[in-house]
Amino acid sequence: MTDYIWKKDSTGEVDERVMRFLAGQDVVLDRELLPFDIRASKAHARGLARIDVLTAAQADAMAESLDRLQAAFVSGEFVLDERFEDGHSAIESWLIGELGEIGGRIHAGRSRNDQVAVALRLYMKDRLRQLAAVCASIARICLERAERESGLALPGHTHLQQAMPSSLGLWWAGHAEAFIDNLALARDIGAWLDASPLGTASGFGVNLPLDRDGVAEELGFPRLVINPQYAQNARGKVELRALDALSAATADLRRLSWDLSLFASQEFGFVKVSAAFCTGSSIMPNKHNPDAVELLRALHGTVVGARAELEAVLGLPSGYQRDLQDTKPPLIRAFARGIDGLSLVPGLLEGLEWDAERMRATIAPELHATDRANELVGQGQPFRAAYRQAAAELDDLAGRKPESSLEARVSPGGCANLLLDRLHERLDMLDQPDPWVQTSAPSGHG
Ligand code: ARG
């Protein structure tokens, strides 16, 4: 361990076991945060130069040194490990190692408390951007397949009982709309937490005229977390919302996976999951198991568990408490696993092969009963009377074709009128390269 950055003459003997416990997984988790911490440190150095705490040359030297740290971290030449207490200490040690006394100036006007808070906000923005992008690609594939396969009939279920003839178009478009909503949520929550806590220091501000707005702007934040106490109290609160966005997507993925799991069973036999997403059995030579579908279904459990773990940490009084460190593991674990899993979904969906014949053949004639009742409504009957007549004449439905049922389902959103163009339009509107550019919110700078 390099010397602790907080070591001073009055520091007593530190128990290494206690220190190891305090650090926990911190240096490992901080590997995810280090690039964001480096970016924020560069902006902080430039901000210090603007208020003459550093010279321009010193700030430039720091920025260049931080670029070298970033490159060394990416190449693996610099490893963030137990030599350091955390990523924040590693940055300061690197700067002092490269620049000597100048490096030791980086911590003016900041604390690890606002340093970790800003790194986490940048991290969450980045992960929510990835979440938004993967939701968009899932929605796009669903929409493409909805278009291509709109006319293919399959039985629609309620209560897992056959209900009415439905179409793959409707099934795909339903999942598309879910992921468009999830994309919107990722964007909204990303915009909601898009505020810079940097420059609030330990939670009380500092007696330096920090250029907080300028630093925030350089980091791409449209506004500040203004109050230093709230900058700390918001830790965990924003992480929970970020996990909400992730969990909306994994919850819909769970449902989609459930459908596929059922449809791929021998009893349904509607769909074949591509071999790339299946494994075999160690004992049963006949098996091809859609394991990927099942672990994608389980992903939501990971996210919900992480959310519960995070929430349990938060019963705290105002200001920084070291407990807050324990909000990092569930957040980082859930996003790592969540994005990994969601990124597999486009390939999984592209590879699905439907057995159109079998799906069509499974539709029993009586599934046309609702159509029949509504036809009688069209002829002027009150619905309840039409319902009873259709129920009494189920045997008359034998000759009906699923295709005619689908073609007649003209209500907006229904099988004959999926309104895919409207879904496309909303997707295109939301799927922007920089999802945080807000159309309505005024900038907080000035
Ligand atoms: N690892 C710490 C956290 O995540 C960083 C902040 C440490 N601050 C302190 N005052 N010890 O909360």
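Residues numbered from 1 in each chain as written. Predicted model: local features only at pLDDT ≥ 70, side-chain atom pairs only at ≥ 80, totals over all residues. Heavy atoms only, no water.

Undergrad: Sorry if this is basic, but what is going on with the overall build of the protein chain here?
TA: Along the backbone of the protein chain there are 16 helices and six strands. Rg of the C-alpha trace for the protein chain: 28 Å, well past the compact-globule value of 22 Å for 446 residues, more than 25% over. If one aligns the C-alpha atoms of the protein chain with their principal axes, the spans along those axes are about 95 × 60 × 40 Å. When the 446 residues of the protein chain are sorted by exposure, 48% land in the buried category. Contacts in the protein chain between residues far apart in sequence, at least 24 positions, make up 79% of those at least 6 positions apart. Accessible area for the protein chain stands at about 21400 Å²; split by element, carbon and sulfur atoms hold 52% of it. (Helix = DSSP H or I, 4+ residues; strand = E, 2+ residues; numbered from the N terminus. Rg over C-alpha atoms; globule rule 2.2 N^0.38 Å. Buried < 20%, exposed > 50% of the residue type's maximum accessible area, 1.4 Å probe, protein only. Contact = heavy atoms within 4.5 Å. Areas by Shrake-Rupley, 256 points an atom, 1.4 Å probe, with all protein chains shown as cover.)

Undergrad: Mind showing me how you'd approach the packing of helix H2 (residues 26-50) against helix H4 (residues 87-99) here?
TA: The geometry of a pair of packed helices is captured by two quantities: the angle between their axes and the separation between those axes. Closest axis-to-axis distance for the H2/H4 pair is 9 Å, and the angle between their directions is 50 degrees. As judged from the angle between their axes, H2 and H4 are oblique. Here the hand of the crossing between H2 and H4 comes out right-handed. Facing Asp30, Leu34, Asp37, Ile38 and Ser41 of H2, the residues of H4 in contact are Gly87, His88 and Ile91. Of the residues in the contact of H2 with H4, the class split is three nonpolar, three polar and two charged. (Axes fitted to C-alpha atoms, helices over the stretch in contact; angles between N-to-C directions. Parallel < 35°, antiparallel > 145°, perpendicular 65-115°, else oblique. Left-handed = near helix turned anticlockwise from the far one by under 90°. Nonpolar A, V, L, I, M, F, W, Y, C, P; charged D, E, K, R; others polar.)

Undergrad: Before we go on, may I ask you to explain empty space enclosed by the protein in this structure?
TA: One water molecule sets the probe size; rolling that probe over the atoms shows where empty space is left. According to the stated counting rule, one finds two cavities of 30 Å³ or more in the structure shown. Considering only enclosed or pocket space, the largest cavity measures out at about 50 Å³ in volume. His44, Gly47, Leu48, Leu198, Gly199, Leu210, Asp211, Arg212 and Val215 together form the lining of the largest cavity. If you list the elements that add at least two residues to the lining of the largest cavity, you get H2 and helix H7 (212-218). For the lining of the largest cavity, the element with the highest residue contribution is H2, accounting for three residues. A per-class count over the lining of the largest cavity returns four nonpolar, three polar and two charged. What lines the second largest cavity is simply Ala117, Leu120, Arg121, Met124, Pro197, Ala231, Ala234, Arg235, Val238 and Glu239. The set of elements that each furnish at least two residues to the lining of the second largest cavity consists of helix H5 (112-148) and helix H9 (237-263). (1 Å grid on protein atoms, 1.4 Å probe; cavity = no way out; pocket = protein on both sides within 12 Å on 5 of 7 lines; lining within 4 Å. Points joined across faces, edges and corners; volume = space filled by probe spheres on them.)

Undergrad: What am I meant to see in the site of the ligand here?
TA: All residues adjacent to the ligand are Asp26, His88, Arg112, Asn113, Val116, Arg235, Tyr320, Gln325 and Lys328. Note that a nitrogen atom of the ligand is positioned 2.9 Å from one of the side-chain N or O atoms of Asn113. One of the side-chain N or O atoms of Tyr320 is found 2.6 Å from an oxygen atom in the ligand. Here the ligand has 340 Å² of accessible area as a free molecule, and 87% of this is covered by the chains. (Near = heavy atom within 4 Å. Polar contact = N/O pair within 3.5 Å; in protein donor to acceptor, adjacent residues only side chain to side chain.)

Undergrad: Hey, could you run me through the pattern of salt bridges in this one?
TA: Opposite charge on two side chains makes pairing possible when the charged atoms of those side chains draw close. In the structure shown here, the tally under the stated rule is 25 salt bridges. In this structure, the salt-bridge partner of Arg140 is Asp428, at a minimum N-O distance of 3.1 Å. With Arg140 in helix H5 and Asp428 in helix H16 (residues 420-430), this pair connects stretches of sequence that are 288 residues apart. For Arg140, a relative accessible area of 27% puts it in the partly exposed group. (Salt bridge = Lys/Arg side-chain N within 4 Å of Asp/Glu carboxyl O.)

Undergrad: Teacher, can you tell me more about a nonpolar patch on the surface here?
TA: Among the surface-exposed residues, Val18, Phe21 and Leu22 lie close enough to one another that they form a single nonpolar patch of about 300 Å² accessible area. Within the secondary structure layout, Phe21 lies in helix H1 (residues 16-23). On the basis of relative accessible area, Phe21 is assigned to the exposed category, the value being 68%. (Patch = residues over 30% accessible without salt bridge, like charges linked within 9 Å, V, L, I, M, F, W, Y side chains within 5 Å.)

Undergrad: What am I meant to see in helix H10 (residues 291-313) here?
TA: A turn of α-helix holds 3.6 residues, and therefore any two residues three or four places apart point the same way. Taking 1.5 Å per residue, 23 residues should reach 33 Å; H10 reaches 33 Å between its end C-alpha atoms and fits that length. Considered for burial, the residues of H10 that qualify are Val293, Leu296, Leu299, His300, Val303, Ala306, Arg307, Leu310 and Val313. (Expected span 1.5 Å × (residues − 1).)

Undergrad: Can you walk me through a negative patch on the surface in this structure?
TA: On the surface, Glu144, Glu147, Glu350, Asp421 and Glu425 cluster together into a negatively charged patch. Put simply, the parts of the chain that give the negative patch at least two residues each are H5 and H16. Of note, Glu147 is situated in helix H5. (Lys, Arg positive; Asp, Glu negative; His and termini not counted. Charge placed at Lys NZ, Arg CZ, Asp CG, Glu CD.)

Undergrad: Where do I start with unusual backbone geometry in this structure?
TA: Backbone geometry at Asp52 places phi at a positive 65 degrees, although glycine is not the residue there. Even without a glycine there, the phi angle at Leu419 is positive, about 55 degrees. Looking at the secondary structure, you find Leu419 in the loop between helix H15 (402-408) and H16.

Undergrad: Explanation requested: the nonpolar core in the structure shown.
TA: Nonpolar side chains in soluble globular proteins tend to be buried together. Judged by nonpolar contacts, the single largest core of 83 residues is most densely connected at Leu131, Phe179, Leu260, Leu349 and Trp354. Contributions of two or more residues to this core are made by H2, H5, helix H6 (168-192), H7, H9, H10, helix H11 (328-350) and H16. A total of 19 residues in this core trace back to one element, the largest contributor, which is H5. If we skip the residues at most four places from it in the chain, Phe179 touches Cys135, Ile138, Ala139, Ala249, Asp252, Leu253, Leu256 and Leu342. If you look at the next biggest cluster of nonpolar residues, it comprises 24 residues, including Val27, Ala45, Leu54 and Phe78. (Core = buried A, V, L, I, M, F, W, Y, C linked by side-chain atoms within 4.5 Å.)

Undergrad: Quick question: what am I supposed to make of the packing of H4 against H5 here?
TA: One can describe the packing of H4 onto H5 by two numbers: an axis separation of 10 Å at closest approach and a directional angle of 105 degrees. As the angle between them shows, H4 and H5 are arranged roughly perpendicular. Here His88, Ser89 and Ile91 of H4 come into contact with H5, specifically with Arg112, Gln115 and Val116.

Undergrad: What's the story with the packing of aromatic side chains in this structure? I'm lost.
TA: Using the criterion set out here, one finds twelve aromatic pairs in the structure. Arranged with centres 6.2 Å apart and planes meeting at 80 degrees, the rings of Phe36 and Tyr123 form a pair that is edge-to-face. Residue Phe36 is found in helix H2, and its partner Tyr123 is found in helix H5; the two are separated by 87 residues along the sequence. For the pair Phe36 and Tyr123, one class covers both residues: buried. A centroid spacing of 5.4 Å and a plane angle of 80 degrees characterise the contact between Trp171 and Trp354, whose relative ring orientation is edge-to-face. Of this pair, Trp171 sits in helix H6 while Trp354 sits in strand E6 (residues 353-354), and the two are 183 residues apart along the sequence. Members of the aromatic cluster, each reached through a chain of ring pairs, are Trp171, Trp172, Phe263, Phe268, Phe270 and Trp354. Here Arg297 stacks its cationic end above the ring of Trp258, 4.4 Å away from the centre of that ring. (Phe/Tyr/Trp six-rings, centres within 6.5 Å; stacked < 30°, edge-to-face > 60°. Lys NZ or Arg CZ within 6 Å of the ring centre and 35° of its normal.)

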